[in-house]
Every structure is written in structure tokens, then in C-alpha cells.
Amino acid sequence: MTTAKKPTRASKSSTKKSATSKKTVAKKKPPKSASSKSNPRTWKQRCWSWCWRLSILFILVLGTWLVYLDAQVRSQFDGNKWTLPAKVYARPLSLYPGLLLSAEQLKSELLWNDYKAVSHVVTPGTYGRDGQDWIIYRRAFSFADRNEAAVKVRLSFSAGRIAELSVAGKTEGLVRIEPQYIGGIFPAHHEDRELITLQNVPPALVAALIAVEDRGYFEHYGISIRGILRAMKANVAAGRTVQGGSTLTQQLVKNFFLTNERSLRRKVKEAFMALLLELHYSKEEIIQAYLNEVYLGQAGRRSIHGIALASRFYFAKNVQQLDLSEIALLVGMVKGPSYYNPFRKSDRARERRDVVLNVMAELNIISAAERINAQGKPINVAKSGRAGQREYPAFIQLVKRQLQTDYRLQDLQNTGLRIFTTLDPWLQHATEKSVQQHVESLEKRAGFSKPTLEAAAVVTSVDGAEVRAIVGSRRVRYFGFNRALDAQRSIGSLAKPAVYLTALASGRYDWSSIVDDKAVSVAGQDGSLWQPKNYDKKDHGKVFMVDAMAKSYNQATARLGMKVGIGQVVETFERLGVDKFIPPYPSILLGSLSMSPLEVTQMFQTYASGGFAMKPRVIQALTTHDNQVLTSYAVEGRQAYSPELIENLRYGLQQVVVQGTGKRLAKTFNTTKIAAKTGTSDEQRDAWFAGFDDRHLGVVWVGRDDNKPMPFTGASGALPIWQNIFKQSGLEPLTPLVDLEWAWVNAYGQPVEEDCGGIRKMPFNSGSLSGREISCDQQKAFSGPQIDLIEKEKQGGSSWFDWLF
Amino acid sequence: MVRLVVLVLFISILTACSSVPSGVKHDPKNQQSYEVQNKDSHKLIQQDDILRLDEGKHHPAVQVLLTQAEDARQQGLPLQALSYIDRARQIQPRNSAIFYRQAWLNYQLGELQQAQQLLQRARLFLRSSNDSYEILQRRIKTLQKKIDAKRGY
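Please read these numbers as outputs of a predicted model, since none were measured by experiment.

Caption draft 1: Quick peek at the overall build of chain A. Of regular secondary structure, chain A possesses 29 helices and 34 strands. Computed over C-alpha atoms, the radius of gyration of chain A comes to 38 Å, more than 25% over the 28 Å expected from 2.2 N^0.38 for 805 residues, which places it beyond the range of a compact globule. Along the first, second and third principal axes, the C-alpha atoms of chain A reach 145 × 80 × 50 Å. Burial status across chain A gives 45% buried among its 805 residues. Counting only contacts in chain A whose residues sit at least 6 apart along the sequence, the fraction spanning at least 24 positions is 69%.

Dropping the structure here:
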């Protein structure tokens, strides 16, 4: 041996003796080239040796890679396969005898909930009429508090209310219609799906899918050589890619574990993973995963995955309720959900459906008669933008924000939580419609050539502060800047009730107190002067305090606010629930304070609820995807002001409708029992309206995003929106919270005995009239010039403010 | 302590809001009981010492929910009971009996301040008292004593 090569593993395994001899030989080695040429066997041996080494290395690398892939496949496929977005539901519609409910609302809510009107009500999710009675087949549903089976409900109406309610012929006190789905809290990829088990999928759908996508599904082990060859042949013949050779398992692997990258590397990986998947899991498990994973379309930002959600999205049905034509269409769409989108390309979708039906008939999955029948049907899809599948961005944003104080965003996005909320779809639709219609008409009136105005609105229940509707933009489907939550705008005269409440709470003022509406000037620390003017630029002189409030006089309110003290007014804001720093400047008396519509709602909520300060609430309950209750919420709050005091204030707010800036509502609703306040900020940059009846509080804002002036006030810009919302929801006149004492007052604001020259009847806090009413004789003795004296006496003399000016 | 005193005071006033019939039957499901005087028969009968949430005559829908709330309470699910009570409140938002019951549940959950606030709320909607005032007042006092004893007051 004359070779000079290093010892290989094989030569290392030789005896020590031979190794020693090699060393000896090496000392006399000839030139290298000569040696190679002279010994071709050694060269071949070297090649083999390298091949052997590389093979071992390849097997090792491949083995390691496969172990890694295997771990990846198993870890992702075991347990929870998908990140499930939180599903958000509106409030369920509770039906009970005595409920005020219009037939229009009931019908709309059923339609929004994907109920179908039929002549014979025999399946859940349908409804019909039987004479004057309504029959609703309520679907089974897992409510937050318990699961309820499907039930057939019969109800009759009388005078706009539910008169009788029965289930299976038995009188029932309360039935809920399952809540409408109103959106989700999605992870970044916005995948949405409803999980389904294979047992709940119609066998025809599974058979059709296998027939069309992978006929050899039950014969191969993840990859199909025959399928690849067939696809190759078809593609070569067509000169382009017309057929894929991927099995269902490979498609699942691609969608579930990999990306859409078109590369050999990805294809090899896909094949190995498909083999591994088949190794570990049954065909049934794999097809079930496929049915839940498959992408079937797009709904705005939301991507529709899985046949269960697709069935609901395209046909407003459970997958079990699909007919052959719909099954074939869904299966056909797997090839290209966008290309065969039945909403936009119904002809294509129909052709594709017919192809699938032909294949089904060819393989005897369906009979020829069934094929002909199914192919004769038109493409009937539910509207994509219907209420049952649309989202409510402003409300969802508030839900997310409130939940994020207690839960991690990641958990909200991934764990399939079910969120039951307070949204009232009927009110929400009324609010959206009012905002959209009115903003457009305002723009027309103002002569704006392009969209210029923006608006926001919040509607809550007066007694529980449940948020029933919220609009964050005129573009109600827009997931962007939510003005209802985040726009900080000057509230203008909406601040005034807080000033008058401070005055009433001080015990020194009644609504009959005389206040002076004349020019006012307050010097700031920097020497600047604050000189507010009235909207009509006039002085109104001495007026009843209630008139100053009702007619929104700036000068009178500023004077009053300075008298009761800015500090006290700030304190009132805080007690009302305003949770932010309020600078103690005189201008806050007239609403220089910036707040969002939601913050204004919280402040007015305290007036509406009789002094009970509550935070607007959107969540009723939160459950896991398998319905374990995580949290349920009930009403919470604190009695910030006595009901008597608030009832007294509410009289002033009602006067806004009786004689003030909200007068137009009295005519529209034929009642003055509405409490309200208009608000307009400096130079008409913001138009506000806040008001409540016996059931709901509504706050509306209209303005420009660039904060420029507009030719509208609270009464002309925001009030009409409020009016339309309450027209549709139905207005219930206010009922008094407590009984106040009433007395006639004379021109000087003094309570007088009945029929003794009183000019107006006004409320007083109970007990406050005692000893104050003046007799007829005393009344006669009064004369005009004593007004100032009366006012000063009543108010306990002059304040520093009077001395100052 | 001041809060508790105020609470008892409010509860006493608010018992009138709860329309419990004078002849309430013994509920074998509740083991704790004590004696109260029946106003009609003037004989001693066994009564639950904890107010059942479903007692009294109510609107049918509210009655359904109060019964469910009582079931949940007996199963040791006070949060679920609260959610039924809240649904009842949404049907009759100014029924002081419902606020009273929610206050009671909050009280049992140790949320004294909230209970107190709700009792004030209930008082707002309380318009008249009824015959069950005495029975309820005694029940409340008994329970209050138990709670005080537990807390070592």
C-alpha cells in the first residue's frame, strides 16, 4: 500500500499492526498524483466512502428534520388547533307578557338573527304568522347563564304589547330569542371560524368534498403519486396549471402549518408533514380538521374559515340545514372562494356548483333526479351585508376597551371567549340611520360639496346605564377613530345643568330665584378678560333661574356660577362622574371643558337615573367557549345626589323642552315630559344634544374633525338626530322620581299662596317651602324695585362677585 | 360599623318593598330556620331565616328570573343569581324588591358598600309598605346578628 490518505473509519477498524505498517509506508510515499493514477480502486473507494458519509449525514439531518416536523405536527394538531376569536353578542330579545314591542321590531330582530319567514314553522330558526299570533321556532342556544333547547313559541299582541306567551301550548312568563352576533375580537390575521365535529356535518358534504378534491383520500397515506401524475398530465396537456395534485391532507397541511409560498422546499415539507399527519391521526380526524380550517371567503376584515361559519355566512343556515345545491356550492368554492364568490360572481358559482353536482351523480353520491333538482335551483345566498353578519365597530371597540381592564388582549383574541353585551340592535339601527341621514342633510343645507361633518352618538338605559347603541362616526362600519369614545370636544352649554345643580344643592337657590342676565367680565390671572355673551348677543335682564337654564343664557349662568363658586361647580362635575382633571377656570361654567360623548353620557346618566352615578356598561357576562361563566355583571353605582335634588334639576331640564332650546321636541312627541339640554361650543364648532325619557338617555355630537366652525347649533345640528332615534325607539314620557312640593311664585320669585297673584307654578325641595310662602296681604304690599333686595335676602346677601362688579 | 348600622336601617325600611305573603310556607330545602309570628293565625311557624329570592307575587317574567336566582343561590352560585336578578331588573327597572334582593346578594358576597348603595336605590322606588314588613324585618335582623357574630362585633 502506497497511499498517503488519512485513515478512514474503515481503516481505523484494521489491526494496529497494519496501521503501523501504513505509517512506515507513508514515510516513503511517492508523489500524490502518481499514486492516484496508479490506483483507481482507491479513488472509487474514496468516492464511496464520501457518499457513505454524506448519506449518513443526510439521513441524520433528515431524521432530525422529521423529528422536528413531527413535533411541530403533533404539538399544533393536538388539543386546541385554532386561535378562536372572542365572539360578541348583542342582548337577547326577552319576550314576556306586557312587553312594549312593535311587530316591526320583532320582525326586524328575527331577520337580523337570520330567522326565515315560512308558512309552516317546523324547523328552528323560522317564524310565521297564524292569524294575529306569531309563531317563532327559537333555536337552541347556550346563553351565558344556561343552555336552552329549541322551543316553539306562540305570542299574541294587544295594543302594541305582548298579551300572551306560550311554549308548546303552556303559558310561559319569559322566553328569550338568542342574541345576534355583532362582531369578534380577532387576532391580527382576522381569521374567524365556528368549530364543528364530523358527526354534525351532512355526509353528502363530506362525500362531495372527497369526490371533488381527493377521490383517493381513503387509500393514500397523505400523498398520492397517482394524483400527482394525473395533475402533471393534465397540466402538460393544457400548457398551464389546471389541476393540483395535492391531497386533502396536503391541503390541510399547507393551510394549517405552512404558507402559500410556491417553492420546492415548501412542497417537500408539505409532503412529509402530510405523511406524518396520516401516521398519527385517523382519516376522520384529518377531514374534520380540514372542514374547520378551509378558507371560504372574506367579509370585510374578517376571513371566513370552516364550513360551519361559511354556511352561516353564505346561507344564514346551520350546516345541517343545507340542501344539496348549497352543499355543492360550498364544496365548489373550496377551489377558489374569491373566484367563485356567489355574491359577486353568481354565474361562475352556479357553473361550479353544477360541476360538483355532476361529479356527485357520477359517483352515485346522489341520484340523477337529485342532481337535476339541485341544478335547477337558483343560487340563493343570504345578503353578505345583512345585520346577522355585519359588525358594529364603535360598540366592539368599547367592549374591547372595557374588557382589557380585566383580561389580556391575547386571551380575548385567541381563546374563543363568548361576550354577552348590552347592545340593543333595534336602537343601534335607529341610531345609525339617524346619524347617517341627518349628517347628509345638514351638509346639503350648509352647501358642503364633500363630506365635511362628523357625528357620534351614545344611547344608554336610564336605570342601569347599559349602553344600548353607539355610533363613533358617520361611517358606521368604520373601524377607525371612534369619536364616541375618543373625540374630546368642548361641551358648551351641556355644562350648565352642573352649574344649576350646584346652585340648587347649595340650598340658597330655587328655580324661582331671580338671576341677572347682563354683561359679565371676569379677569384672569394673566390679565385677560373673560366676557361671555349670549347666543343672541342680547342682555335679558332679571329672569327666573329656570328660564336662564331653559333658554341657555350664558351671562346669567356665568354670574350664577361665579356666585356659587367655581370650586363647587368642579366638585359637582366630579360627583356626577366626570373622571378627569377639570381646571377651575370661569370658562368651564359655559362648557369650555372638553369631553367625549361617552363622558358626557356618564355625566347625564346621573341626572337620568335620579342621582345614581353609574359607569356606562356594555358587558353582561363573559364565558369561555364551552360556556363556563367567567364573569357576570350587575348594576353598580353610588347615590351621588339625593333623588329629590335631581328631580328638582330634572324640572329645569324639562323646561328646555317646554319653553327653551329643545321646544321642537314637545311638538314632535306631543309631550313635554322629556329632560334635555342643547350645547353649542364657541363659534359653533360643536353641536351637542343630551336628553332622556323614562327609558333611554341619548347623547349626540356633530362637528368637524378639523374643528372649524359650522353653521349649526345644538338645536339645529344634534337635536334632530336625537329626535329621530327616539321616534324609532318609541318615547316614554318621564315619570317623577319623587314628589316635590309645588307653589305659585310671584314676579320676584317668591312663593305665594294660591290665587294671590302668582304667575308661575314651580317645584321646591320638600320642606323648603315651610314658612316662606307669603300671604295675599304681603303679596299686595310688594312692588317692583324690590327685586334685588328679595334676591339678596334669599341668597344670603351679596357675594364677593357682586362686590367685584 | 357605621355602615352596618346604616345598612340595617335601610334594610328595615326596604323590607316593605318585598311583597312576601304573610303565610310563607316552610321550604325543606333550606335547613336554617327560625320562628316568626304569623300575623293572621298568631301561631308560631317555621320560616327561612334567609329571604328566598323568589318569594312574593311578581310580574311573571320577573318571577321566572327570581326563581332561577333562588335556585342558583341555593346551589352556591351567587354570581349566577346576581345575573338573574339583573335580568329581572332590566324588565322592571324600578322594582324596589329587585334592588332589595340584589343588595341582599351583594351583602352575602361581602360587598357591603354596594349593598348599601343599592338599598338607597331601592328606597327611591319604594312607594308603600305591606303586611310582610314585620316578617322580613325579623329575618334581616337575625341574619345581621349572625353576620355580626361571625365578624366578632
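Resuming the write-up.
Caption draft 2: Quick peek at the overall build of chain B. A tally of helices and strands in chain B yields six helices and two strands. Across chain B, helices and strands are ordered from the amino to the carboxyl terminus as α-β-β-α-α-α-α-α. Counting across all 153 residues of chain B, residues that qualify as buried make up 45%. Considering only intrachain contacts with a sequence separation of at least 6, the fraction spanning at least 24 residues in chain B is 57%.

Caption draft 3: Spotlight on the interface of chain B and chain A. Between chain B and chain A, the contact holds 24 residues from the first and 23 residues from the second. For the side of chain B that touches chain A, the elements supplying multiple residues, two or more each, are helix 2 (60-74), helix 3 (78-91) and helix 5 (112-125) of chain B. The leading source of residues in the side of chain B that touches chain A is helix 3 of chain B, at ten residues. Residues belonging to the side of chain B that touches chain A are distributed by class as follows: eleven nonpolar, nine polar and four charged.

Caption draft 4: Up close: the pairing of strand 18 (residues 467-471) of chain A. All names here are of chain A. Of all the five residues making up strand 18, five are buried; the element is thus mostly covered by neighbouring parts of the structure. Summarising the sheet, strand 17 (residues 453-461) and strand 18 pair through four bridges and their orientation is antiparallel. Bridging across to strand 18, T460 finds its partner in V467.

Caption draft 5: How the structure looks around the packing of helix 8 (residues 248-256) of chain A against helix 9 (residues 264-280) of chain A. Residues and elements named next belong to chain A. Relative to each other, helix 8 and helix 9 sit at 110 degrees, their axes nearing to 9 Å. Here helix 8 lies roughly perpendicular to helix 9, going by the angle between them. The two elements helix 8 and helix 9 meet at a crossing, and its hand is right-handed. Two secondary-structure elements touch here, helix 8 through T249, Q250, V253 and K254 and helix 9 through E270, A271, M273, A274, L277 and E278. In terms of residue class, the contact of helix 8 with helix 9 is made up of five nonpolar, two polar and three charged.

Caption draft 6: Representation of the pairing of strand 31 (residues 696-704) of chain A within the structure. All names here are of chain A. The buried fraction of strand 31 amounts to eight of the nine residues, a majority that puts the element mostly inside the structure. As judged from the seven bridges shared by strand 30 (residues 686-692) and strand 31, these two strands associate in the antiparallel manner. Within strand 31, the position partnered with A687 by the bridge is V702. Taking the residues that link successive antiparallel strands as the turn, the strand 30-strand 31 hairpin has three residues.

Caption draft 7: Structural context of the confidence of the model for chain A. In the predicted model, chain A carries a mean pLDDT of 87, and the fraction of residues at 70 or more is 91%. Under a pLDDT of 50 for its full length, residues 1-28 of chain A has, in the predicted model, 17 contacts with residues more than four places off or in other chains.

Caption draft 8: How the structure looks around the sheet that holds strand 9 (residues 161-167) of chain A. Residues and elements named next belong to chain A. Taking strand neighbours across the sheet as the criterion, the six strands line up as 3-4-5-8-9-10 in an open arrangement whose pairing is mixed. Each edge of the open sheet carries a strand with a single partner, namely strand 3 (116-117) and strand 10 (170-171). In this structure, strand 4 (residues 126-130) lies alongside strand 5 (residues 133-138), joined through five bridges in antiparallel fashion. Paired with Y127 across the strands is I136, a residue of strand 5.

Caption draft 9: Spotlight on helix 24 (residues 643-658) of chain A. In this model, helix 24 of chain A (16 residues) spans 22 Å end to end at C-alpha, consistent with the 22 Å of a helix rising 1.5 Å per residue. The element helix 24 of chain A is largely enclosed, with a buried count of 14 among its 16 residues.

Caption draft 10: Main features of the nonpolar core. By size, the foremost hydrophobic cluster in this structure holds 181 residues, and its most contacted members are F395, A455, A457, M545, V700, V702 and A718 of chain A. Top contributing element to this core by residue count: helix 4 (residues 96-108) of chain B, with eight residues. When residues no more than four places from it in sequence are discounted, the contact partners of M545 of chain A are Y500, A503, Y509, W511, S513 and V515 of chain A. Core analysis: the next-biggest nonpolar cluster, separate from the first, contains 51 residues, M273, A274, V294 and M360 of chain A among them.

Caption draft 11: Representation of the packing of helix 17 (residues 425-446) of chain A against helix 26 (residues 714-729) of chain A in the model. All names here are of chain A. Direction vectors running N to C along helix 17 and helix 26 enclose 145 degrees, while the axes themselves pass 9 Å from each other. Between helix 17 and helix 26 lies a crossing whose hand is right-handed. Facing W426, L427, A430, T431, S434, V435, H438 and L442 of helix 17, the residues of helix 26 in contact are G717, P720, I721, N724, I725, Q728 and S729. Here the residues of the contact of helix 17 with helix 26 are counted per class, giving eight nonpolar, seven polar and no charged.

Caption draft 12: Seen up close, the sheet that holds strand 34 (residues 760-764) of chain A. Residues and elements named next belong to chain A. Read from one edge of the open sheet, three strands run 33-32-34, paired in antiparallel fashion. Edge strands, defined here as strands with exactly one partner in the open sheet, are strand 33 (751-752) and strand 34. Pairing of strand 32 (residues 741-745) with strand 33 involves two bridges; the strand directions are antiparallel. Looking at strand 33, one finds that V745 is bridged to P751.

Caption draft 13: Looking closely at the environment of R575 of chain A. All names here are of chain A. Tracing the backbone through its elements, the reader meets R575 in helix 22 (residues 566-576). Between the C-alpha atoms of R575 and E683, which are 108 residues apart in sequence, the distance is 29 Å. Those residues in contact with R575 that lie beyond four places of it in its chain are A640 and Y641.

Caption draft 14: Structural view of the environment of W134 of chain A. Residue and element names in this part refer to chain A. Along the chain, W134 falls in strand 5. Given 21 C-beta atoms within a 10 Å radius, W134 is considered buried. In the structure, W134 is positioned 22 residues away from S156 in sequence and 6.3 Å away in space, judged by C-alpha atoms. Other than its neighbours up to four places away in sequence, W134 contacts L106, Y127, R129 and L155.

Caption draft 15: Geometry of helix 26 of chain A. All names here are of chain A. With 16 residues, helix 26 ought to run about 22 Å at 1.5 Å a step, and its terminal C-alpha atoms sit 21 Å apart, in line with that. At P720, helix 26 shows its maximal kink, close to 30 degrees. Buried residues dominate helix 26, accounting for twelve of its 16 residues. Along helix 26, the residues classified as buried are G714, A715, G717, A718, L719, P720, I721, W722, Q723, I725, F726 and S729. Packed against the buried residues of helix 26 are helix 17, strand 17, helix 25 (663-669), strand 29 (675-680), strand 30 and strand 31. G730 lies just past helix 26 and shows a positive phi near 90 degrees.

Caption draft 16: Expanded view of the confidence of the model for chain B. Residues and elements named next belong to chain B. Of the residues in chain B, 46% reach a pLDDT of 70 or more, and the chain-wide mean stands at 64. Considering only residues more than four positions removed or in separate chains, one finds that residues 14-50, a stretch of pLDDT under 50, has 80 contacts. We note a pTM of 0.80 for the whole complex and an ipTM of 0.76 for its interfaces.

Caption draft 17: Quick peek at unusual backbone geometry. Residues and elements named next belong to chain A. At A159, a position not held by glycine, the phi torsion is positive, near 50 degrees. Its location among the elements puts A159 in the loop between strand 8 (151-158) and strand 9. The phi dihedral of A465 is positive, around 60 degrees, even though this residue is not glycine. You can see A465 is positioned in the loop between strand 17 and strand 18. Judged by the 26 C-beta atoms lying within 10 Å of it, A465 is buried.

Caption draft 18: Highlighting the environment of R215 of chain A. Of note, R215 of chain A is situated in the loop between helix 6 (203-213) and helix 7 (225-238). Note: C-alpha distance between R215 of chain A and D539 of chain A (324 residues apart in sequence) is 88 Å.

Cut-offs and rules
Residues numbered from 1 in each chain as written. Chains lettered and ligands numbered in written order. Predicted model: local features only at pLDDT ≥ 70, side-chain atom pairs only at ≥ 80, totals over all residues. Helix = DSSP H or I, 4+ residues; strand = E, 2+ residues; numbered from the N terminus. Rg over C-alpha atoms; globule rule 2.2 N^0.38 Å. Buried ≥ 20, exposed ≤ 12 C-beta atoms within 10 Å, placed from the backbone. Contact = placed C-beta atoms within 7 Å. Nonpolar A, V, L, I, M, F, W, Y, C, P; charged D, E, K, R; others polar. Pairing = 2+ DSSP bridges. Axes fitted to C-alpha atoms, helices over the stretch in contact; angles between N-to-C directions. Parallel < 35°, antiparallel > 145°, perpendicular 65-115°, else oblique. Left-handed = near helix turned anticlockwise from the far one by under 90°. pLDDT = per-residue confidence, 0-100. Expected span 1.5 Å × (residues − 1). Core = buried A, V, L, I, M, F, W, Y, C linked by C-beta atoms within 7 Å. Bend = angle between axes of the 7 residues up to and from the residue.

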